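# Summary of structural features
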Amino acid sequence: MLNLTGKNALVTGIANNRSIAWGIAQQLHKAGANLGITYLPDERGKMEKKVAELVEPLNPSLFVPCNVQDEDQIKSTFEAIRHQWGKLDILIHCLAFASKDDLSGDFSQTSRSGFKTALEISTYSLVQLSGAAKPLMTEGGSIVTLTYLGGVRAIPNYNVMGVAKAGLEMSVRYLAAELGPQNIRVNAISAGPIRTLASSAVGGILDMIHHVEEVAPLRRTVTQLEVGNAAAFLCSDLSSGITGQILYVDAGYEIMGM
Ligand code: NAD
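Residues numbered from 1 in each chain as written. Predicted model: local features only at pLDDT ≥ 70, side-chain atom pairs only at ≥ 80, totals over all residues. Heavy atoms only, no water.

### Brief notes about the sheet that holds strand S2 (residues 34-39)
On the basis of which strands lie adjacent, the open sheet formed by seven strands has the order S3-S2-S1-S4-S5-S6-S7 and parallel pairing. In this open sheet, the two strands that pair with only one neighbour each are strand S3 (62-65) and strand S7 (246-249). Averaged over all adjacent pairs, the angle separating strand axes in this sheet is 20°, with direction ignored. Pairing analysis gives seven bridges linking strand S5 (residues 141-147) to strand S6 (residues 184-191), with the strands arranged parallel. Bridge assignment links valine 144 to a residue of S6, and that residue is asparagine 187. Here helix H3 (residues 71-84) sits on the sheet and contacts strand S1 (8-11), S2 and S3; the angle it forms with S3, its principal contact strand, is near 165°. (Pairing = 2+ DSSP bridges. Helix = DSSP H or I, 4+ residues; strand = E, 2+ residues; numbered from the N terminus. Axes fitted to C-alpha atoms, helices over the stretch in contact; angles between N-to-C directions. Contact = heavy atoms within 4.5 Å.)

### Some remarks on the packing of helix H1 (residues 20-30) against helix H7 (residues 224-235)
In the contact formed by H1 and H7, the axes pass within 7 Å of each other and the chain directions differ by 55°. As far as their axial angle goes, H7 and H1 are oblique. Both H1 and H7 take part in a crossing whose hand is right-handed. Listed contacts from H7 to Ile20, Gly23, Ile24, Gln26, Gln27 and Leu28 of H1 are Gln224, Leu225, Val227, Gly228, Asn229, Ala231, Ala232 and Cys235. Among the residues making up the contact of H1 with H7, the classes are represented as eight nonpolar, six polar and no charged. (Parallel < 35°, antiparallel > 145°, perpendicular 65-115°, else oblique. Left-handed = near helix turned anticlockwise from the far one by under 90°. Nonpolar A, V, L, I, M, F, W, Y, C, P; charged D, E, K, R; others polar.)

### So, the side chain of serine 239
With respect to the helices and strands, the residue serine 239 is situated in the loop between H7 and S7. In this structure serine 239 comes out as buried when scored by relative accessible area, which is 0%. Polar side-chain contacts of serine 239 include one of 2.8 Å to the backbone oxygen of phenylalanine 233. (Buried < 20%, exposed > 50% of the residue type's maximum accessible area, 1.4 Å probe, protein only. Polar contact = N/O pair within 3.5 Å; in protein donor to acceptor, adjacent residues only side chain to side chain.)

### Brief notes about the packing of aromatic side chains
Throughout the structure, instances matching the rule amount to two aromatic pairs. Arranged with centres 4.8 Å apart and planes meeting at 65°, the rings of tyrosine 148 and tyrosine 158 form a pair that is edge-to-face. Taken as a pair, tyrosine 148 in the loop between S5 and helix H5 (159-179) and tyrosine 158 in the loop between S5 and H5 lie far apart in primary sequence, 10 residues in all. (Phe/Tyr/Trp six-rings, centres within 6.5 Å; stacked < 30°, edge-to-face > 60°.)

### Observations concerning a nonpolar patch on the surface
Taken together, the side chains of Phe107, Phe115 and Val163 make up a nonpolar region of the molecular surface, amounting to roughly 230 Å² of accessible area. Position of phenylalanine 107 among the secondary structure elements: in the loop between strand S4 (90-93) and helix H4 (112-133). On the basis of relative accessible area, phenylalanine 107 is assigned to the partly exposed category, the value being 39%. (Patch = residues over 30% accessible without salt bridge, like charges linked within 9 Å, V, L, I, M, F, W, Y side chains within 5 Å. Areas by Shrake-Rupley, 256 points an atom, 1.4 Å probe, with all protein chains shown as cover. Salt bridge = Lys/Arg side-chain N within 4 Å of Asp/Glu carboxyl O.)

### Brief notes about the nonpolar core
Ranked by size, the top nonpolar core spans 54 residues in total, and within it Ile14, Leu28 and Val227 carry the most contacts. Beyond its immediate sequence surroundings of up to four residues, valine 227 is in contact with Ile20, Ile24, Leu146, Ile189, Ala191, Ile194, Val222 and Val249. One finds Leu10, Ile74, Ile81 and Leu88 within the second-largest nonpolar core, a separate group that totals 29 residues. (Core = buried A, V, L, I, M, F, W, Y, C linked by side-chain atoms within 4.5 Å.)

Right under this line is the structure:
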């Protein structure tokens, strides 16, 4: 039985009701976890209001701003966890960013700043958040991040984000190797394409979704809640022997020849 009662879970990456992180937060809540939610703050406070309203039914006991490019906000987030919860059991890393200009056209034209930003937000942030979570995971823990097939195969237009995801998947292995002796497990879910704010920036995403619907063994794409179920499994004792892995939740698309 999947039971996360008594577990404190920090979920990053909710922007709206299409976010994969929203699907994950709902399933962790359903399994009994106590939730902390972060949001990406903007100047007018619009995102704070929008995300606060969305997550209210899940009764998060922590709701904090956390732009991963801001060291102080990361520090405050984990200070709040230490102060209010004392320990952390689950970290969901479900965020990424690359400039729209770098998600279509020629990969060789990726700008230096675009490359740095994509890797900083989408890849380094996992290392940084895991490092901050480590001292708080005093009873072991589970860290789950989100990746995509474009990190292992050249998928049209995914470009710099593919490089970021390759780095993310290797970071999962290095983190799993380091944190395993503390019984902290680190895994990634490689989700099939889903329409979200982030994926809408990738050129030709709708064509990709239709292609998956035609050739994936299940003849469809996956939903945020299906990804959420897999995340809940990876955060629970049911997956206690699994670490350093990339779990494909993609209706089977990965096994097919294109
Ligand atoms: P989304 O737009 O709903 O989520 C992306 C999140 O990243 C947003 O909440 C945004 O606020 C956050 N973010 C961006 N810059 C940030 C920063 N500097 N600091 C903190 N947060 C920041 O889109 P999504 O598709 O749900 O993306 C979630 C994750 O899933 C990403 O890692 C994405 O690459 C991955 N993923 C998505 C798909 C897909 O098809 N949608 C497939 C596989 C993997």
